[in-house]
Each structure stands twice: as C-alpha cells, then as structure tokens.
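# Summary of the model geometry
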Amino acid sequence: MLRLVRLAIPALIGLGLLAGCSGDGEELRVFAAASLTDVMPRLVEGFREQYPSTDVEVAYGGSQALASQIEEGAPADVFVSADVLQAQRLIALDLAADRLDLARNALVVAVAAGSAIDSIEDLGGNDVRVALGAPGVPVGELTLQALAQLPAAIAAEIRKNVITEDPNVRAVLSRVELGEADAGFVYRTDVTSASGLRAVELAGALGTAPETTYVVLSIAEDDPPSEDADRFLAYLGGPEAAAILRAAGFEPIVRTT
Amino acid sequence: MNEGWTRRVVGRGWVVIALAFGLFFIVPLVGLFVRALTDGDVGAELRSGATWEALTLSVATASLATALAIILGTPLAYLLASTPSRWARAAATALELPLVLPPVVAGIALLTVFGRRGYLGEPLDQAGIQISFTTAAVVLAQIFVAAPFYIRSAYGGFLGADPRYEGVAYTLGLSRWQTFRRITLPLVWPALAGGAVLCWARALGEFGATLLFAGSLSGETRTLPIAIVTAFESPAGLAGAVSISVILVLFAVALLLVLVRSTSVRGAYR
C-alpha cells in the first residue's frame, strides 16, 4: 500500500496542489521536490517546535512541475527544488526573494538488499533489467552524465538492459521495489527511505558521482516574503536541519557566512 | 399569464445553465490551445521524431486494444445478456469494476498477474517470455481499463434488443449465425459503435496503468500521454506538455469525427 501511495504521488502531481489552495494567511505553504517526501515532515516538525503557532502545509511534486505551478500563480511561500535549473528559472522570473543552497544528493544505483549487483559494470550483465529516468527529467539527465563517464562498451551493454525511462525518480524507485527491475538510477536518499533496498555507490567507478543540489527559495511575487518564510529558510540553514538532512542521506551544504 | 412568464424564465434559466455547463468543457480546451500557441511550439513537436513515435504508438495500441475488445467483448456481452441468470447479471456488474479503479491500481493489479513476479508472469519469464514493460503490456493495460466501456455498452444493447425478432427469424428458417448477423447485429449496432468509440478514446488517453505496467521507452511503450507527463517534468515543462497535448486532442477529434460519421445510426440501418 505504501508503495502504491508513493507511486501515486508523482503520478498525481498537480491535482492535489491545485485543489489545496486556500487563502489562509497564517499558514506557510511549502512546495517541495518529491524526493523530500520522507525528510520534509521531520524538518517541519523541528521548525514547529520553535514556532508552534505557524502551520506548515507541504505539497510534493517534481521540481519542474512545481516550478511551473508557481509560475502559474500557485500560492507557495517556499519552494524547495531538487534541481538548480528550476530554481534559477523562478529567480529569472523575479518570483524569488531569497535563495539558500540546502544540500546535495548523489546519484546511486538502487538494488534489492539481496542482489548480487555490486558495481555499475554489473548492470550490463545478462538478464539484468535496469530502470532509469527519461532524458530531460532531472534524474534522467544525471543518469546520462553517469553513463557518459563509463567506457562506451559498458554503457552500451547497460543501455541494452534498460526496460523503462520514467518521468520521475519515484517511478524509477518503484520498479526496483516491485522487483520489475533489478537496478534503478535514483538519488541516495531514495534508497535510505525505502525498505529492502541497498545503494550501489557510483563514486568508486566514476571518480565523482553526479549529484544534484537542493535549492530553497522564498517565493514573493509582489510583496516581500512572509516572516514565516524567512524563519523557515533560517531554520533550514541551521545546524539542526543539517543533522536531520544528514541522517536522511543528504549532504548538507556547510555555510561559511 | 403569470404562469407563462414563470415558465419562460425557467425555460431560459434552463438554457443558460445548459450553455454554461457546455462552456465548462469548451473553455479549458480553448485555453489549452491558446496556451500552446502562445507559449508552446506545436510545430516543433510535430517535427519531432519522438512525438511522432509516441503518437503512432498510441494510435496503434489503442486501435489494437479496441479491435480485441470488440472481437472478445462482443461474444462475452452477448452471452451475459442472453443468459437469464442472477450470476450473469453479477458478472456483468463485476466487468464494470475496472471503470471505478484508479488506473494506477489497475496497473498494480496487472503486475500481480503478468509482472516479472506475477502469477503468470513468473513462469512465463522463466520460459523466456516477458510481458510487462513491452508493447504487449501497453495493449493489455488499455484493454483492462478501456474494454469495460465497450462491453458495458454492448451488454446494454443486447439486453435492449427484443428477442422476438430473433424468434421470428428462427421460424423463418434463418440459422443462428444468420440471425445474429442480419437481425441482432443491426439492432444493437449503435450500442456497439458507441461503445467502441468510447473504448478507443479511453485507451488513447490511458496513462496510469500503462506507466506502471508497461513503463516508458520511446517507440516501445511511451504513449502520447506518458510523453506529455515526461515533458511536463523536464525543462520544456508546461510549454512542451501543452504542445503535445494539443496534437493529441486534434488527432483524437479528427479520428472521432471520422468514426462517428462512418458508424452513425443512419448509416447502420442502410
């Protein structure tokens, strides 16, 4: 059932968001990338211990989809993008007030806990089924980068084993969870939050693993961002949030200022 | 006098509500077209090989699914309608269940049977036959989700056909097959054609079950609705998604017009 819910979330992005628009001013509305589904409630909980009077409502979706919705006027106070590109897009449109680079998340290969797959080269083997993100979709682009770093012959072997190029990372993860694929290219945190799965790190085989940077924006079209949004950004940039993020498999970005 | 006035206002109110409701369907579609023309690039999508691949795959699979729904669904609907039993009625109701299932659930249900670890999928996989994540899975997902529209319509048609016509045909010496072809089929033709069009349209728009059960590979399993959602999650974003959507809508309208014309009630009795 949980798997089903996870699958349904990316598939139904938008619908819930659009239906959930209310005019309540006391509420902090956060649009967060789908890959934050597991860690965000913990961050919100920590934030609310400090500011109990602020209600926080989080909507999840693909970063691209969320950015489009904000562009369309969806009422978000804070946007957490899994992709620098989408954050930059909103900044270019003058929709963002403040920016915080939150954390990094590395691309890994998710396999079943008992799988014999130990390195990216194993993905080219006989009878191995591989799921990845579609080209253009953030996780798909990172996967293309990873494959480009491999010797061409191995990359070609892996490509032959690809059974699906999915629209989002949760869909990729579900293939491995359901046993339909032996391996899927996902973010490290996706594996941390899933049960029965193990992450095969890419850093060893590739030198450096492709990674994505999470960027937090306070959204303000006409007025300055709400006080609550400022506070939330400050909390996310603090040491407590960093600890929560690290526990979930993210690499918090240490601020020098 | 007074009563006539009331009736006139009520009469007009009725028309206003009807027109407003009609606009509820038309305005969003107009918005989609305006959006595609201002933000999107329909021409670029039309020239894109990936979009054509998705379009031809969608049309081919939806048509195959509809053909199979007709070939296999017509005898099923006829059997159920001509069996005067409580069980037949219960079975007819059960066949409508896929209509209420969210498509994602339909996809999971199909995986439990035909998936790599499914009841049939696992032994087939060991025999070297793969169903999930193939074009065949796209067709199966579409049949599962869309064929009930056809079966339901055909069942209603067969139920409504007066059995006395068939009885008379038998007494006049027509065989069972002749009776079915010359008497029953013309009687139920509008129901069959209407059901087939609905089935085809639903299959063409199928997304949730297909993505889950068949995946998304260009040219193999990425149908147009999946291509639209993929575009929406890529940097092309909304602009790309609406451009492909417009192509889907235009194509569906064109084909539906042709289908409705060629299967109109008037034509059926010719």
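Here the structure is shown first, and the text comes after it.
Okay, so let's go over this structure.

Basis of the calculations
Residues numbered from 1 in each chain as written. Chains lettered and ligands numbered in written order. Predicted model: local features only at pLDDT ≥ 70, side-chain atom pairs only at ≥ 80, totals over all residues. Heavy atoms only, no water. Helix = DSSP H or I, 4+ residues; strand = E, 2+ residues; numbered from the N terminus. Buried < 20%, exposed > 50% of the residue type's maximum accessible area, 1.4 Å probe, protein only. Areas by Shrake-Rupley, 256 points an atom, 1.4 Å probe, with all protein chains shown as cover. Contact = heavy atoms within 4.5 Å. Axes fitted to C-alpha atoms, helices over the stretch in contact; angles between N-to-C directions. Nonpolar A, V, L, I, M, F, W, Y, C, P; charged D, E, K, R; others polar. Buried area = accessible area lost by both parts, 1.4 Å probe. Salt bridge = Lys/Arg side-chain N within 4 Å of Asp/Glu carboxyl O. Phe/Tyr/Trp six-rings, centres within 6.5 Å; stacked < 30°, edge-to-face > 60°. Patch = residues over 30% accessible without salt bridge, like charges linked within 9 Å, V, L, I, M, F, W, Y side chains within 5 Å. Expected span 1.5 Å × (residues − 1). Bend = angle between axes of the 7 residues up to and from the residue. Polar contact = N/O pair within 3.5 Å; in protein donor to acceptor, adjacent residues only side chain to side chain. Parallel < 35°, antiparallel > 145°, perpendicular 65-115°, else oblique. Left-handed = near helix turned anticlockwise from the far one by under 90°.

### Remarks on the overall build of chain A
When its secondary structure is counted, chain A shows 12 helices and 10 strands. Taking all 257 residues of chain A together, 56% fall into the buried category. Split by element, the accessible area of chain A, about 10400 Å² in all, is 52% carbon and sulfur.

### Description of the overall build of chain B
Across its full length, chain B carries 14 helices and 0 strands. Put simply, chain B runs from its N terminus to its C terminus through helices and strands in the order α-α-α-α-α-α-α-α-α-α-α-α-α-α. For the C-alpha atoms alone, the extent of chain B along its principal axes is close to 75 × 65 × 35 Å. The buried share of chain B, reckoned over its 270 residues, is 39%. Within chain B, contacts between residues at least 6 apart in sequence are counted, and of these 73% link residues at least 24 apart.

### A word on the packing of helix α3 (residues 49–82) of chain B against helix α12 (residues 224–232) of chain B
Packed helices, taken two at a time, are described by the angle their axes make and the gap between the axes. All names here are of chain B. Following both chains from N to C, one finds α3 and α12 inclined at 145°, their axes separated by 8 Å at the closest point. Across from Thr51, Ala54, Leu55 and Ser58 in α3, the residues of α12 making contact are Leu224, Pro225 and Ala227. A per-class count over the contact of α3 with α12 returns 5 nonpolar, 2 polar and no charged.

### Focus on the interface of chain A and chain B
How big an interface is tends to be stated in terms of accessible area lost as the parts join. Counting residues at the interface gives 31 residues for chain A and 27 residues for chain B. Summing both sides of the interface, chain A and chain B together bury roughly 2600 Å²; the carbon and sulfur share of this comes to 58%. When the buried area of chain A at its contact with chain B is split by residue, Arg129(A), Pro167(A) and Glu180(A) rank highest and sum to 22% of it. The interface formed by chain A and chain B includes 4 salt bridges. Glu72(A) is the partner of Arg35(B) in a salt bridge, and the nearest nitrogen-oxygen pair spans 2.6 Å.

### So, the packing of aromatic side chains
Applying the stated criterion across every chain yields a total of 12 aromatic pairs over all chains. Arranged with centres 5.0 Å apart and planes meeting at 80°, the rings of Phe47(A) and Phe232(A) form a pair that is edge-to-face. On the criterion of sequence distance, the pair formed by Phe47(A) in helix α3 (residues 40–50) and Phe232(A) in helix α11 (residues 227–236) is long-range, its members being 185 residues apart. On the basis of relative accessible area, Phe47(A) is assigned to the buried category, the value being 0%. Residues Phe21(B) and Phe24(B) carry aromatic rings whose centres are separated by 6.3 Å and whose planes lie at 5° to one another, so their mutual orientation is stacked.

### Re a nonpolar patch on the surface
Residue and element names in this part refer to chain B. On the surface, Phe21, Leu23, Phe24, Phe25, Ile26, Val27, Val30 and Val34 cluster together to form a nonpolar patch covering roughly 800 Å² of accessible area. Counting through the fold element by element, Phe21 comes out in helix α1 (residues 2–38). Of the residues examined, Phe21 reaches a relative accessible area of 53% and is grouped as exposed.

### Focus: unusual backbone geometry
Excluding glycine, a negative phi dihedral is what most residues carry, and trans is how most peptide bonds are arranged. Residues and elements named next belong to chain A. In this structure, Asp94 is a non-glycine residue whose phi angle is positive, near 65°. Structurally, Asp94 is set in the loop between α5 (84–92) and β4 (96–112). Classification of Asp94 as exposed rests on a relative accessible area of 58%. Its identity as a non-glycine residue notwithstanding, Asp127 has a phi of 65°, on the positive side. Tracing the backbone through its elements, the reader meets Asp127 in the loop between β4 and β5 (130–133).

### Details of α3(B)
Residues and elements named next belong to chain B. For α3, with 34 residues, the first-to-last C-alpha span of 48 Å sits near the 50 Å given by 1.5 Å per residue. The sharpest bend along α3 comes to roughly 35°, located at Gly73, with the proline Pro75 sitting one to four residues further on. Between the side-chain oxygen at the start of α3 and the backbone nitrogen of Ala50 there is a gap of 3.3 Å, and the oxygen is on Ser48.

### Focus on the environment of Pro252(A)
All names here are of chain A. In this fold, Pro252 is placed in strand β10 (residues 251–252). Residue class for Pro252 comes out buried when judged on its relative accessible area of 10%. Sequence separation of Pro252 and Gly124 is 128 residues, and the distance between their C-alpha atoms is 33 Å. Apart from the residues lying within four places of it in its own chain, the contact partners of Pro252 are Leu102, Ala103, Ala242, Leu245 and Arg246.

### Re the packing of α12(B) against helix α13 (residues 237–262) of chain B
All names here are of chain B. Axis separation between α12 and α13 bottoms out at 7 Å; the angle between their running directions is 165°. If you check the angle between α12 and α13, you find them roughly antiparallel. Along this stretch, α12 crosses α13, giving a crossing that reads as left-handed. Contact residues: α12 offers Leu224, Ala227, Ile228, Ala231 and Phe232, while α13 offers Gly237, Leu238, Gly240, Ala241, Ile244, Ser245 and Leu248.

### Points about the pattern of salt bridges
Residue and element names in this part refer to chain A. Scanning the entire structure with this criterion turns up 21 salt bridges over all chains. Between Arg188 and Glu201 there is a salt bridge, with the nearest N and O atoms lying 2.9 Å from each other. Of this pair, Arg188 sits in helix α9 (residues 188–193) while Glu201 sits in strand β8 (residues 197–201); the two residues are 13 residues apart in sequence, bridging distant segments of the chain. On the accessibility criterion, Glu201 (38% relative accessible area) is partly exposed. One salt-bridge network, held together by shared partners, links Asp38, Arg170 and Asp190.

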